[in-house]
Amino acid sequence: MTLDTTNQDNQRFLKISTQFGSAMLSVYGGQLLSWKPADQKHDCLYLSPQASFDSGKAIRGGIPICWPWFGKRPNSPSHGIARVSMWNLDHVSETAEQVHIVLRLLPADDMPVAFLSINIRQSILTMRLQTTARRQACTLTEAFHNYFRVGDLAYCHVSGLDHLLFTDFAQKSPVIGNLPSQDPGILRFHGPIDRVYETNNNPSRDITICDEVFRRQIRISTQGSASIIVWNPWAEGARQLADMPDGDWSQFICVEPANAFKQSVRLEPGHTHSITQTISVSPLS
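Trainee: Can you help me understand the sheet that holds strand E9 (residues 124-132) in this one?
Mentor: The strands making up a sheet associate through backbone hydrogen bonding, with each pair oriented either parallel or antiparallel. Strands sit in the order E6-E7-E8-E9-E23-E19-E18-E13-E16 across an open sheet of nine strands; the sheet is antiparallel. In this open sheet, the two strands that pair with only one neighbour each are strand E6 (88-94) and strand E16 (186-187).

Right, here's the structure in full:
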């Protein structure tokens, strides 16, 4: 394993090169920016070429950590403090089977503590976010805000969300529904989408992105999440994002294991909750 810890614009990055492939981690945000398995021509994650790495701003792309809240709060960072905070890099190691990384975020003011564990294996990435309440109880919402790189969103679909109720916030008025019965389990993209799916109290689920251009499928297996979020701004929304080229909306889809909005987690002092995702990539059959 080759580790290259670099500092750029007062930020710290961990560049990893192994037999399993390559990856890059920003200690600011505890955010994985790149993951490219050795057998893949293209990165599995999308990182905007116009992403900002300025302190206090979220990095557009990779896998931002939304924690300890998801969404907006008055006078507070959108999607929580984790993605705009400097984490501690506690541990990096390699075995014949995997690379293992642990980061820690210990906020002030009796907020909960977070540990992020990242394991990189051959074509498999596992991430576990563990939250422990300290002296005060907390109500937790969270997400792995995955930006998955695709060849062309018009030639992709997502499966594994069949029979789940969702709320779509991309419309002027939120729409509540489920997938059409004539096309069960297949979600294709024809415009902006911002859906929050409820997993029917089943915290373990498999969702698959099928990419016909890159000829691969990306599978996301979840544990500890009661929500799945699917987001893409489409052309109109991308033009409103200063940190993304206008045309890049077609190069990614966000599929996010989460506990969001009413699917929150209540933690009493000393209690712990974990959300886990395992991402695997394989050829499209």
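Trainee: How do you make sense of the pairing of strand E21 (residues 252-259) when you look at a structure like this?
Mentor: A regular strand carries its side chains on alternate faces of the sheet. In terms of burial, E21 is largely enclosed, as eight of its eight residues are buried. Burial along E21 is two-sided: the face carrying Phe252, Cys254, Glu256 and Ala258 and the face carrying Ile253, Val255, Pro257 and Asn259 are both buried. Examined bridge by bridge, strand E12 (residues 147-149) and E21 share three bridges and lie antiparallel to one another. For Tyr147, the partnering residue across the bridge sits in E21 and is Cys254. Relative to E21, strand E20 (residues 227-232) runs antiparallel, the two being bridged by five bridges. Within E21, the position partnered with Ile229 by the bridge is Glu256.

Trainee: Sorry, what's going on with the packing of aromatic side chains here?
Mentor: Two numbers describe a pair of aromatic rings. These are the distance of the centres and the angle of the planes. Scanning the entire structure with this criterion turns up 10 aromatic pairs. Relative to Trp231, the ring of Tyr147 has its centre 6.2 Å away and its plane inclined at 80 degrees; by these criteria the two rings are edge-to-face. In this pair, Tyr147 is assigned in strand E12 and Trp231 in strand E20, connecting sequence segments 84 residues apart. Centroid distance Tyr147 to Phe252: 5.3 Å. Interplanar angle 45 degrees. Geometry classified as tilted. A residue pair is termed long-range when its members are at least 10 positions apart, and Tyr147 in strand E12 and Phe252 in strand E21 qualify at 105 residues. Given a relative accessible area of 2%, Tyr147 falls into the buried group. Ring pairing ties together the aromatic residues Tyr46, Tyr147, Trp231 and Phe252, which thus form one cluster.

Trainee: How do you make sense of the side chain of Ser48 when you look at a structure like this?
Mentor: Here Ser48 shows up in the loop between strand E4 (31-37) and strand E5 (65-66). Given the relative accessible area of 4%, Ser48 is considered buried. Within the structure, Ser48 has its side chain in polar contact with the backbone oxygen of Asp243 (distance 2.5 Å). For Ser48, the contacting residues outside a window of four places in its chain are Arg60, Asp243, Met244 and Pro245.

So, how was this worked out
- Residues numbered from 1 in each chain as written.
- Predicted model: local features only at pLDDT ≥ 70, side-chain atom pairs only at ≥ 80, totals over all residues.
- Heavy atoms only, no water.
- Pairing = 2+ DSSP bridges.
- Helix = DSSP H or I, 4+ residues; strand = E, 2+ residues; numbered from the N terminus.
- Buried < 20%, exposed > 50% of the residue type's maximum accessible area, 1.4 Å probe, protein only.
- Phe/Tyr/Trp six-rings, centres within 6.5 Å; stacked < 30°, edge-to-face > 60°.
- Polar contact = N/O pair within 3.5 Å; in protein donor to acceptor, adjacent residues only side chain to side chain.
- Contact = heavy atoms within 4.5 Å.

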